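Coordinate inspection notes
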Amino acid sequence: MNNSTQHVEANFDGLVGPTHNYAGLSDGNLASKNNQTKASSPKLAAKEGLKKMKALHDLGMVQGVIAPLARPDIGMLRQLGFTGDTASVLKQAAKHSPALLAACYSASSMWTANAATVSPSRDTHDGKLHFTPANLINKFHRSIEHPQTGRILKGMFSDANHFAHHNALPASNYFGDEGAANHTRFCNEYGDHGVGFFVFGESAFNGAMPKPKRFPARQTLEASSALARIHGLAEDKVVFAQQNPDVIDAGVFHNDVIAVGNRDVMFCHEHAFLNKNDVYNNLSTALEKPLNVIEVPESAVSVTDAVGSYLFNSQLLSLPNGKTALVVPRECEENPQVADYLQTLIASKQGIDELLCFDLKQSMQNGGGPACLRLRVVLSPDEQTAMNQSVIMNDSLFSTLNQWVDAHYRDSISAQDLVDPALLSESQFALDELTQILKLGSVYDFQKTGA
Ligand code: SUG
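If you're wondering where the values come from, they're calculated on a predicted model, not measured in any experiment. (Residues numbered from 1 in each chain as written. Predicted model: local features only at pLDDT ≥ 70, side-chain atom pairs only at ≥ 80, totals over all residues. Heavy atoms only, no water.)

1. Focus: the overall build of the protein
Counted only if it meets this: Secondary structure is summarised from DSSP: a helix means a run of H or I of at least four residues, a strand means a run of E of at least two, and numbering begins at the N terminus for each. Radius of gyration: C-alpha atoms only; globule rule: 2.2 Å multiplied by the number of residues to the exponent 0.38. Think of it in three bands: residues with accessible area under 20% of the maximum for their type are buried, residues over 50% are exposed, and the middle band is partly exposed, with areas taken using a 1.4 Å probe on protein chains only. In this analysis, two residues are considered to be in contact whenever any of their non-hydrogen atoms come within 4.5 Å of each other. Per-residue and other accessible areas were derived by the Shrake-Rupley procedure at a 1.4 Å probe size, with only the shown protein chains allowed to occlude residues.
Check the secondary structure of the protein and you find 18 helices and 15 strands. Relative to the compact-globule value of 22 Å for 451 residues, the protein shows a C-alpha radius of gyration of 21 Å, a close match. In terms of principal-axis extent, the alpha carbons of the protein reach across some 60 × 50 × 40 Å. Each of the 451 residues in the protein was classed as buried or not, and the buried ones make up 61%. Counting contacts in the protein only where the partners sit at least 6 residues apart, residues at least 24 apart contribute 77% of the total. Of the roughly 16,800 Å² of accessible surface on the protein, a fraction of 49% belongs to carbon and sulfur atoms.

2. Things to note about the pattern of salt bridges
The condition that has to hold: Salt bridge, as used here, is a side-chain nitrogen of Lys or Arg placed within 4 Å of a carboxyl oxygen of Asp or Glu.
The tally for this structure, following the rule as stated, stands at 18 salt bridges. Between Glu 9 and Arg 376 there is a salt bridge whose closest N-O contact spans 3.6 Å. With Glu 9 in strand β1 (residues 8-14) and Arg 376 in strand β15 (residues 374-379), this pair connects stretches of sequence that are 367 residues apart. Taking the relative accessible area as the measure of exposure, Glu 9 reaches 9% and is therefore buried. Salt-bridge contacts for Lys 54 lead to Asp 395; the nearest nitrogen and oxygen are separated by 3.6 Å. Within this pair, whereas Lys 54 is found in helix α2 (residues 42-58), its partner Asp 395 is found in helix α16 (residues 395-408), the two being separated by 341 residues in sequence. Here the residues in one salt-bridge network are Lys 54, Asp 58 and Asp 395, joined through shared partners.

3. Thoughts on the packing of aromatic side chains
To describe a pair of aromatic rings, one takes the distance between the centres and the angle between the planes. Put simply, the test is: Two aromatic rings, drawn from Phe, Tyr or Trp (for Trp, its six-membered ring), form a pair once their centres lie within 6.5 Å of each other, and the interplanar angle then sorts them: stacked below 30 degrees, edge-to-face above 60, tilted otherwise. Criterion for a charge above a ring: Arg CZ or Lys NZ at most 6 Å from the ring centre, at most 35 degrees from the ring normal.
This model, assessed by the stated rule, comprises eleven aromatic pairs. Consider the rings of Phe 267 and Tyr 341, whose centres lie 6.4 Å apart with planes at 15°: the pair is stacked. In this pair, Phe 267 is assigned in strand β10 (residues 265-269) and Tyr 341 in helix α13 (residues 336-347), connecting sequence segments 74 residues apart. You'll find Phe 267 and Tyr 341 in the same group, each marked buried. Here the aromatic cluster, defined as three or more aromatic residues joined through ring pairs, consists of Phe 12, Phe 131, Phe 157 and Phe 163. Its guanidinium or amino end placed over the ring of Phe 398, Lys 54 lies 5.4 Å from that ring's centre, counting from NZ or CZ. A cation sits over an aromatic face here: Arg 263 above Tyr 190, 5.2 Å from the ring centre.

4. What about the UniProt feature "active site" (unreviewed entry) in the protein?
Rule in force here: UniProt positions are given in the numbering used here, feature names are shortened, and annotations may be inferred rather than shown by experiment. Using protein atoms alone on a 1 Å grid, points that fit a 1.4 Å probe yet trap it form a cavity, whereas open point sets bounded by protein on both sides within 12 Å along at least five of seven lines form a pocket; residues with an atom within 4 Å of a point count as lining. Polar contact criterion, stated in full: a pair of N or O atoms within 3.5 Å, where within protein one must be able to donate a hydrogen and the other to accept it, and residues adjacent in sequence count only if both atoms are side-chain atoms.
Per the UniProt annotation, the sites labelled "active site" (unreviewed entry) are Glu 178, His 254 and Cys 372. Spanning 195 residues, the annotated positions come together in the fold, the maximum distance between their C-alpha atoms being 11.1 Å. Considered against the second largest cavity, the annotated residues that line it turn out to be His 254 and Cys 372. Given the relative accessible area of 1%, Glu 178 is considered buried. Beyond its immediate stretch of four places on either side in the chain, Glu 178 contacts Ala 113, Asn 114, Ala 134, Leu 136, Ile 137, Asn 138, Arg 218, Gln 219 and His 254. A relative accessible area of 2% places His 254 in the buried class. Beyond its immediate chain neighbours, meaning those up to four positions away, His 254 contacts Asn 114, Glu 178, Ala 181, Asn 182, Arg 218 and Gln 243. A distance of 3.3 Å separates the side chain of His 254 from the side chain of Asn 114, its partner in a polar contact.

5. Concerning the nonpolar core
Spelled out, the test is: Residue types Ala, Val, Leu, Ile, Met, Phe, Trp, Tyr and Cys, when buried and joined through side-chain atoms within 4.5 Å, form a set referred to as a nonpolar core.
Among the nonpolar cores identified, the biggest contains 85 residues, and Phe 12, Phe 157, Phe 197, Phe 273, Leu 401 and Trp 404 are the most heavily contacted of them. Counting residues in each nonpolar core, the second largest holds 19 residues, with Ile 294, Leu 316, Leu 345 and Cys 357 among its members.

6. Overview of unusual backbone geometry
Negative phi values dominate among residues other than glycine, just as trans dominates among peptide bonds. A cis geometry characterises the amide bond from Arg 71 onward to Pro 72, with omega recorded as 5°. For Pro 72, the location among the structural elements is in the loop between β2 (63-66) and α3 (74-79). A positive phi is found at Asn 275, a non-glycine position, where the angle reads about 50°. Relative to the helices and strands, Asn 275 is located in the loop between β10 and α10 (276-287). Asn 275 sits in the exposed class, given a relative accessible area of 56%. Positive phi outside glycine occurs at Lys 439, with the angle close to 45°. A residue is classified by how much of its surface remains accessible, and Lys 439, at 57% relative accessible area, is exposed.

7. Description of the sheet that holds strand β11 (residues 292-296)
Applied cut-off: In this analysis, strands are considered paired if DSSP registers two or more bridges between them. Axis geometry follows a simple rule: fit a line to the C-alpha atoms, using only the stretch in contact for helices, then measure angles between N-to-C directions, giving values from 0 to 180 degrees.
Strand order in the open sheet made by the three strands is β9-β10-β11, with mixed pairing throughout. In this open sheet, the two strands that pair with only one neighbour each are β9 (259-262) and β11. Averaged over all neighbouring strand pairs, the angle between strand axes comes to 10°, with direction disregarded. When β9 meets β10, the two strands line up antiparallel, connected through four bridges. Looking across to β10, one finds that Asn 262 is bridged to Val 265.

Put into structure tokens, the structure is as follows:
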């Protein structure tokens, strides 16, 4: 039996894929819409992400890598009626539906906060660490992620004595599930029994509950409830809360754009939740101690500035030196209100001791900040030993992955490049090599993806 203080929270970041591009695919995600016509740089994007991973590893955190999905999804394009050889499939899709081609090319799996909901073994009925890949049903380009995501997670956490993998929830709007972006775990020590905090945007079955009017609510109460049941969480250790529909309409498409939690701290905007006082009280009751809520008032940082800077899409980390760090994107330093607020926050010693700032512009331009890029997994020492060691960041993996990116990634991709069959073969070649670097086994079904 492992001691509760020996458990760690590991961050598994999505490695940006070789087809990273901007296509305006996410209604309700303002950055995605605003950068729709920009050229992307897959090489820069992957390197920005790798730098963040390496920096966290250097600080003594357990940091892992999640492989990107194989894109384009030629199998899906064929399923949708495009025929012939691969080049012909790409050409027909580009002619008849550029949006569909872009959707099947999206490197959106990089935002691994949406990969799955994860419940640590200490919280589950059978003492195993549970994973449910998110169905991401609200956006077509994301709804096609979960089968491959599930295979990759199994390639990383394969030991059935320790790890339990579930199928994604049914592919219906009733069960819209966005994974860890709408789920946070609070606890005392990571190895103590924690509280599962599930935040939904609307109820699919109860039409009387409030809903956003302008943009979609991606997570339903019904999905969140099913996840808590499937993972076998104790009822008194689960709290459900509804996102404020007005903030969804202001561009907060996931809860992790307006709130972040770690251990017994929640850093959030005052307008994040409906019935916020009940939410805070319920969390404290389930936690069996007062939750430290660091609530940012609209007068200090408006919801608009929070969405523009991604202040709350930060990582709240317990560093091995005992300090708590907030990992923010560079955009927070560039916004004067947010930068001022952050200085006050650190000086006020409310539970966040230092700031770490990263340039993640390539991901930010598609609406993905530091917190979107990582999936948190609390691991006991035994689970750390049992998992695939080749996905854990260290100096050697950092240098191998940088060389791999240099060898295979393009400097730039625009919409017209998506029809180029060479981009597909370059991506397939790169990912084939990656499965060997990360010892993942055959997680990509290239035949089905048509490469
Ligand atoms: O689902 N963007 C992603 C961003 C996900 C951010 N994740 C979290 N908040 N956890 C999304 O909206 C844009 C793709 C494009 O437009 O090319 C996109 O999918």
